[in-house]
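These are the residues of each chain, in order.
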Amino acid sequence: MNTRMKQLLDDVMPKVVEMRRDIHRHPELSGEEERTASRVADALSSLGVEFRDGVGGNGVVGLIRGARGAGRVCALRADMDALPMPEQTGLPFSSENDGVMHACGHDAHTAMLLGAAMVLARMKDDFAGSVKLVFQPAEEANPTGGAPAMIGAGALEDPHVDAMVGLHVWPSLATGEIGIRPGAMMGASDRVFVTIRGRSSHGSEPDRGVDAIATAGQVLSAFQTIVSRNVSPLDAAVLSIGTIRGGCRYNVIADEVVMEGTVRTLSPKVQDMMPERILQVAQGIAGSFGATAEVRYVKGYPPLLNDPAVTATVRGALLEGGGARVLDVEHPAMGGEDFSFFARVVPSAFLWLGCRPADADPATFAPVHNNCFAPDEACFPYGVEALVRSALAIVNDETGR
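## Looking at the overall build of the protein
So, point 1. Helix and strand counts for the protein stand at nine helices and 16 strands.
So, point 2. The C-alpha atoms of the protein give a radius of gyration of 24 Å, which matches the 21 Å a tight globule of 401 residues would have.
So, point 3. Principal-axis analysis of the C-alpha atoms places the extent of the protein at approximately 80 × 45 × 40 Å.
So, point 4. For the protein, buried positions account for 53% of its 401 residues.

Below you can see the structure in the form of structure tokens.
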């Protein structure tokens, strides 16, 4: 199997690279992935893979049925959308869509899933069951994301998916490394908006007003005690205020300040606690200054929780393959990922695929969501192999995990 797998990977890799570069050159924002979805549909059609398009927007769902009959169903997922960022990589296939760039590697994800489809389509005589290929739009469209719409449109049904696997290029890991862990893999990603209202007055007479800026400063400081004093040291949470807007003139006491921030958590219990506690702190501090506070809390992506049994199956398959170095991730990341919506519906495993060249300095290699992010194309064979081996391990898992 290993020899045949290597031959198939070698055969499809030029097409994977070609597809990735084409998608990279023509990036599309969340909800606008029409060209990308069309390229995916054309590629599946050329493989003779049955598919549905327009699933939950621009989603495409392919299905490869094993020739050995009915059985378990594994879904593999790739996201397709880009970010509203100007590209500065200098790549010969840089974005031709001004102000839009594949800065999070979704072009690579899509191309690698198509590579997995090419391999699995040629291996369908070797397995029972089916493999679904889920090409998802709008992963970057927090707080809604694209996964819920695909789930609502039946992407995980007909046939019903038993387990699901996704991956993300990960520049913190070197090419040839794959990270995996059971339980929390990535954090919930919520947004919070806080408006402090006071009363304006002349800057020389602060006693005649209620200073919204001074109040906001105290609220901001008190917010940090929510994490340090209301979240268990054994859990993790981040509350970061990214913007503060207030005041109209140097000699006027501000009557309004608006703050916007992000809340990241790993535990659903902690995620559920944060909105009420933020409201209590904001209103309590504001009231003590004679001001008022309004809080709007928007829940985004839930924590991404890897199912222990599926993770064990996938980890075993990767170790059996022997190509990549499998790392047991010690700490989850606090970044959000809307694969978490799929993982709440079916048992799932999410992988981090190392994409930093061996000679690159980890301290300076561009991270995701950076204008210069360019994953190492040498990671693609490892990603395609990981998807294929994961799918085969799941459909062939006779324990029914």
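That was the structure; now back to the text.
## Considering the environment of Thr243
So, point 1. Residue placement: Thr243 occurs in strand 10 (residues 237-246).
So, point 2. Judged by its relative accessible area of 31%, Thr243 falls in the partly exposed class.
So, point 3. For the pair Thr243 and Met259, spaced 16 residues apart in the sequence, the C-alpha separation amounts to 5.5 Å.
So, point 4. Polar contacts involving the side chain of Thr243 include one to the side chain of Arg245, which spans 3.5 Å.

## Concerning helix 9 (residues 380-395)
So, point 1. Taking 1.5 Å of rise per residue, 16 residues should cover 22 Å, and helix 9 covers 23 Å from first to last C-alpha, within 8% of that figure.
So, point 2. Summarising burial for helix 9: 13 of the 16 residues are buried, a large majority.

## Things to note about the packing of helix 3 (residues 106-121) against helix 9
So, point 1. Running from amino to carboxyl end, helix 3 crosses helix 9 at an angle of 55°, the nearest separation of the two axes being 9 Å. Taken together, the axes of helix 3 and helix 9 lie oblique to each other. Crossing hand, helix 3 versus helix 9: right-handed. Between helix 3 and helix 9, the contacting residues are Ala108, Met112, Leu113, Gly115, Ala116, Val119 and Leu120 on the first element and Phe380, Gly383, Val384, Leu387, Val388, Ala391 and Leu392 on the second.
So, point 2. In terms of residue class, the contact of helix 3 with helix 9 is made up of 12 nonpolar, two polar and no charged.

## Structural notes on the sheet that holds strand 2 (residues 59-65)
So, point 1. Spatial ordering of the open sheet is given by 1-2-4-3-5-16-6-15, a layout of eight strands whose pairing is mixed. Here the strands that pair on one side only, and so sit at the sheet edges, are strand 1 (50-55) and strand 15 (325-328). Adjacent strand axes in the sheet meet at a mean angle of 25°, parallel and antiparallel pairs treated alike.
So, point 2. Bridge count between strand 3 (residues 73-79) and strand 4 (residues 130-136): seven bridges; the pairing is parallel. Residue pairing for strand 4: Arg77 is matched across the bridge by Val134.
So, point 3. On the sheet, helix 3 packs against strand 2, strand 3, strand 4, strand 5 (163-174) and strand 16 (348-356) and is oriented at approximately 150° with respect to strand 3.
So, point 4. Relative to the sheet, helix 7 (residues 308-321) contacts strand 5, strand 6 (177-180), strand 15 and strand 16, its axis offset from that of strand 16 by approximately 40°.

## As for empty space enclosed by the protein
So, point 1. Throughout the structure, instances matching the rule amount to two cavities of 30 Å³ or more.
So, point 2. A volume near 60 Å³ is recorded for the largest cavity.
So, point 3. Taken together, Ile178, Leu318, Gly322, Gly323, Ala324, Tyr382, Glu385, Ala386 and Arg389 make up the full set of residues lining the largest cavity.
So, point 4. For the lining of the largest cavity, the element with the highest residue contribution is helix 9, accounting for four residues.
So, point 5. Per-class residue counts for the lining of the largest cavity are five nonpolar, two polar and two charged.

## Observations regarding the sheet that holds strand 13 (residues 292-301)
So, point 1. With respect to topology, four strands assemble into an open sheet ordered 10-12-8-13, the strand pairing being antiparallel. Strands with a single pairing partner mark the edges of an open sheet, and in this sheet they are strand 10 and strand 13. Between one strand axis and the next, the sheet turns through 15° on average, direction left out of account.
So, point 2. Summarising the sheet, strand 10 and strand 12 (residues 256-265) pair through nine bridges and their orientation is antiparallel. Within strand 12, the position partnered with Ala237 by the bridge is Thr265.
So, point 3. Seen against the sheet, helix 5 (residues 212-230) touches strand 8 (188-197), strand 10 and strand 12 and runs at an angle of roughly 170° to strand 10.

## Some details on the environment of Thr110
So, point 1. Examined against the element boundaries, Thr110 turns out to sit in helix 3.
So, point 2. The spacing of Thr110 and Asn306 is 196 residues in sequence and 21 Å in space, taken between C-alpha atoms.
So, point 3. Sequence-distant contacts of Thr110, defined by excluding residues within four places in its chain, comprise Ile23, Val40, Ala78, Asp79, Met80 and Phe135.

## Some details on unusual backbone geometry
So, point 1. Asn142 connects to Pro143 through a cis peptide bond whose omega is 15°.
So, point 2. Its place among the elements puts Pro143 in the loop between strand 4 and helix 4 (147-152).
So, point 3. Its identity is not glycine, yet Ala138 carries a phi of approximately 60°, on the positive side.
So, point 4. Assignment of secondary structure puts Ala138 in the loop between strand 4 and helix 4.

## Topic: the packing of helix 1 (residues 2-25) against helix 3
So, point 1. Two numbers describe how helix 1 lies on helix 3: the axes approach to 8 Å, and their chain directions differ by 145°. As for how helix 1 packs across helix 3, the hand of that crossing is right-handed. Where helix 1 approaches helix 3, its residues Met5, Leu8, Leu9, Val12, Lys15, Val16, Met19, Arg20, Ile23 and His24 are matched on the opposing element by Asp107, Ala108, Thr110, Ala111, Met112, Leu114, Gly115, Met118 and Val119.
So, point 2. When the residues that make up the contact of helix 1 with helix 3 are grouped by side-chain class, the tally is 13 nonpolar, three polar and three charged.

Calculation criteria
- Residues numbered from 1 in each chain as written.
- Predicted model: local features only at pLDDT ≥ 70, side-chain atom pairs only at ≥ 80, totals over all residues.
- Heavy atoms only, no water.
- Helix = DSSP H or I, 4+ residues; strand = E, 2+ residues; numbered from the N terminus.
- Rg over C-alpha atoms; globule rule 2.2 N^0.38 Å.
- Buried < 20%, exposed > 50% of the residue type's maximum accessible area, 1.4 Å probe, protein only.
- Polar contact = N/O pair within 3.5 Å; in protein donor to acceptor, adjacent residues only side chain to side chain.
- Expected span 1.5 Å × (residues − 1).
- Axes fitted to C-alpha atoms, helices over the stretch in contact; angles between N-to-C directions.
- Parallel < 35°, antiparallel > 145°, perpendicular 65-115°, else oblique.
- Left-handed = near helix turned anticlockwise from the far one by under 90°.
- Contact = heavy atoms within 4.5 Å.
- Nonpolar A, V, L, I, M, F, W, Y, C, P; charged D, E, K, R; others polar.
- Pairing = 2+ DSSP bridges.
- 1 Å grid on protein atoms, 1.4 Å probe; cavity = no way out; pocket = protein on both sides within 12 Å on 5 of 7 lines; lining within 4 Å.
- Points joined across faces, edges and corners; volume = space filled by probe spheres on them.

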